[in-house]
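Examining the three-dimensional arrangement
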There are 2 protein chains.
Amino acid sequence: MTVRSRFFTEAEGQAVGIENAAAKGDVLLVCEHASATIPQKFGTLGLSPEVLSSHAAWDPGALAVARLLSEKFDATLVYQRFSRLVYDCNRPPESPSAMPVKSEIYDIPGNFDLSEAERFARTSALYVPFHDRVSEIIAARQADGRNVVVVTIHSFTPVYHGRFRKVEIGILHDTDSRLADAMLAGAEGASLTVNRNDPYGPEDGVTHTLRLHALPDGLLNVMIEIRNDLITNEGEQAAIAGFLHELMGKALSSIDE
Amino acid sequence: MTVRSRFFTEAEGQAVGIENAAAKGDVLLVCEHASATIPQKFGTLGLSPEVLSSHAAWDPGALAVARLLSEKFDATLVYQRFSRLVYDCNRPPESPSAMPVKSEIYDIPGNFDLSEAERFARTSALYVPFHDRVSEIIAARQADGRNVVVVTIHSFTPVYHGRFRKVEIGILHDTDSRLADAMLAGAEGASLTVNRNDPYGPEDGVTHTLRLHALPDGLLNVMIEIRNDLITNEGEQAAIAGFLHELMGKALSSIDE
């Protein structure tokens, strides 16, 4: 039998990581693919160490950049402490990508033929508490009369299905493009290639977190995708965080006006 | 924004009902369709009072019979306090029946075109806490070295899609038929028409609770379906509970031997 209390070892703790909980800024950072950690009970999911440390398991560099942005914006950061290979918190349970049997070119044997009990255990232990926590934070701030700006931080692989991607920063949005529009306007002439809904867009199902937490109440929101070869070390991460801080800061100011 | 804490009014409380929590018996009773109550925030789901009190909204009589069995077996009873029209706790989130747009012949307008946020709110508020609670009870008993027998109690309408059903008691099972077999053997020659996997069976997706809580650990289990015209008042409910108590009691004894 699989229950939430048996899902993680005592040392592993729980699914949701929170940093800067008492932050005063409007921005709420969310990082669904922060970690490559597989809970011990799942072993390796039948994967090689190479795959388990690759972009299939997590968004390399995304959490590091999110932490820097958390400081710069005085923003609370909510992140998932376990790999999206077990449950991808940017997907609803009914999506085949939530507990994927394939990621890019890699089969995920540990996700083949999951029973209803196994699916429930992952949904209950990883997905629901993550989004419950984000919801609770937003609700508490709304109750205090605060604004909330929902910003999700992701990274993407420069080579996907054998093709190199030229885009360096993706500014993604769903039906509410206010913040994305302002950021894209601000990025004109920038040193980095900043594109709209590239390399993914809402049609790929990647705006689930925005749909859950920003769209229903009309909160400003954006999803940021960073090409992961640009954030491989602390220096690079600081440079990209600085770029995004300026871009988003100006965009938020322009919307306030 | 929709969060669990805003899902119910204070007076409504929470999703899961528990009775006889300190029971000493092995049987654990589960009643997923115990209630026709719609949380206030959903209004009427666009339905008439007639539909809202019909078998589409709940299993009439099932909770009453489950309560009588809870006494007779000294069994803990876990039941859902809200209607399956909002979330059917005997279905996983990926099932179209979990938040049905149609029930038998009735359209459910309040379930049309649900957003991802609306689906998440129902999954988080109604489905996950229900099965988490069942799991926790089972885990605690297993930790104490106790046996657990999972028994779900349902009722069905005598007339479905215009056809009358002759079966009076359905004994339903999934891949583990031990308890169902013993009950069906004991029902031979009974005054009631007792059938196997009738009017539903595992191919209809109705054994979700058994799959979640009994099959993974090999716990004895059965799903009982009672034709609801046989349990319309206290006298009838007592008679059926007595019949089921004897049938299941003998079956459990025969398996123990």
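First, a word on what this report is: a plain description of the structure on this page. Quick caveat: nothing in here was measured; it's all calculated off a predicted structure. Here, residues in each chain are numbered from 1, in the same order as that chain's written sequence. Naming scheme: in the order in which they are written, chains are lettered from A and ligands are numbered from 1. In keeping with the model being predicted, local features are shown solely for residues with a pLDDT of at least 70 and side-chain atom pairs are shown and tallied solely at 80 or more, while totals for entire chains, interfaces and linings include all residues. Side-chain measures were taken over the full set of non-hydrogen atoms in the model, leaving aside hydrogen atoms and water.

Points about the pattern of salt bridges
- Think of a salt bridge as a Lys or Arg side-chain nitrogen and an Asp or Glu carboxyl oxygen that are within 4 Å of each other. Throughout the structure, instances matching the rule amount to 22 salt bridges over all chains.
- Of the charged contacts, one joins R84 of chain A and D59 of chain A as a salt bridge, the two residues approaching to 3.1 Å between their closest N and O atoms. Placement of R84 of chain A in the loop between β3 (76–80) and β4 (102–103) and of D59 of chain A in the loop between α2 (49–52) and α3 (62–72) is noted, with a sequence separation of 25 residues between them.
- Throughout, exposure labels follow a simple rule: accessible area from a 1.4 Å probe, protein chains only, divided by the maximum for the residue type, with under 20% read as buried, over 50% as exposed, and the rest as partly exposed. Taking the relative accessible area as the measure of exposure, R84 of chain A reaches 16% and is therefore buried.
- Here the salt bridges share partners, and the residues they tie into one network are E116 of chain A together with D174 and R211 of chain B. Helical segments are the DSSP runs of H or I of at least four residues, strand segments are the runs of E of at least two, and each set is numbered from the N terminus.

What about α3 of chain A?
All names here are of chain A.
- Among the residues of α3, those classed as buried are A62, L63, V65, A66, L69 and S70. Along α3, the residues classed as buried sweep out an arc of 160° about the axis, all on the same side.
- Any two residues having at least one pair of non-hydrogen atoms within 4.5 Å are treated as being in contact. Each element contacted by the buried residues of α3 is listed here: β2 (27–31), β3, β6 (149–156), β11 (221–227) and α7 (234–256). What the arc measures is the spread of directions leading from the helix axis to the C-beta atoms.

Remarks on the sheet that holds strand β11 (residues 221–227) of chain B
Residues and elements named next belong to chain B.
- Judged by pairing direction, the sheet is mixed, and its seven strands sit side by side in the order β1-β3-β2-β6-β11-β9-β10 without closing on themselves. Strand pairing shows two members of the sheet lacking a second neighbour, β1 (16–19) and β10 (194–196), which therefore form its edges. Ignoring which end each strand starts from, the neighbouring axes of this sheet average 20° apart.
- We treat two strands as partners when DSSP finds at least two bridges between them. Where strand β9 (residues 169–172) meets β10, three bridges bridge the pair, whose relative direction is parallel. Counted as the bridge partner of I171 is R196 from β10.
- Between N-to-C directions, angles cover 0 to 180 degrees, with each direction set by a line fitted to C-alpha atoms, over the stretch in contact for helices. Seen against the sheet, helix α3 (residues 62–72) touches β1, β2 (27–31), β3 (76–80), β6 (149–156) and β11 and runs at an angle of roughly 165° to β3.
- Of the strands in this sheet, β1, β2, β3 and β6 are in contact with helix α4 (residues 116–143), which crosses β3 at around 170°.

Let's talk about the pairing of β2 of chain A
Residue and element names in this part refer to chain A.
- Counted residue by residue, β2 has five buried out of five residues, so it is predominantly covered.
- Pairing between β2 and β6: four bridges, direction parallel. Directly across from V27, in β6, lies its bridge partner V149.
- Where β2 and β3 come together, four bridges link them in parallel fashion. Bridge pairing in β3 links L28 to T76.

Some thoughts on the relation of the copies chain A and chain B
- Least squares is the method for superposing the copies, and the C-alpha atoms it fits come from residues with pLDDT of at least 70 in both. In screw terms, the move from chain A to chain B is a rotation of 180° and a rise of 0.0 Å along the axis, fitting with an RMSD of 0.0 Å. Given the turn and translation reported, the copies of this chain are related as if by a two-fold rotation axis. Closest to the rotation axis within chain A is the C-alpha of E94 of chain A, separated from it by 2.1 Å.
- Counting the interface residues of chain A, we find that 100% of their copies in chain B are interface residues as well, pointing to one common contact surface.

Some remarks on the interface of chain A and chain B
- At the interface, 27 residues of chain A touch 27 residues of chain B.
- Values labelled buried area give the accessible surface lost by two parts on being combined, using a 1.4 Å probe and summing over both. Surface buried jointly by chain A and chain B totals about 2,500 Å² across both partners, of which 59% is contributed by carbon and sulfur atoms.
- Here R119 of chain B and E94 of chain A are joined by a salt bridge, their closest N and O atoms 2.8 Å apart.
- Identification of polar contacts relies on pairs of N or O atoms within 3.5 Å, with a donor-acceptor requirement for protein atoms, meaning one able to donate a hydrogen and the other able to accept it, and with residues adjacent in sequence counted only if both atoms are side-chain atoms. Our count for the contact surface shared by chain A and chain B stands at eight residue pairs in polar contact (both at pLDDT 80 or more).
- Contributions of two or more residues to the side of chain A that touches chain B are made by α1 (4–7), α4 (116–143) and α6 (208–213) of chain A.
- Broken down by element, the side of chain A that touches chain B gets its largest block of residues, 14 residues, from α4 of chain A.
- Polar here means any residue outside two lists: the nonpolar Ala, Val, Leu, Ile, Met, Phe, Trp, Tyr, Cys and Pro, and the charged Asp, Glu, Lys and Arg; Gly therefore counts as polar. Residues that form the side of chain A that touches chain B fall into these classes: eleven nonpolar, seven polar and nine charged.

Scope: geometric values only; no functional claims are made or implied.
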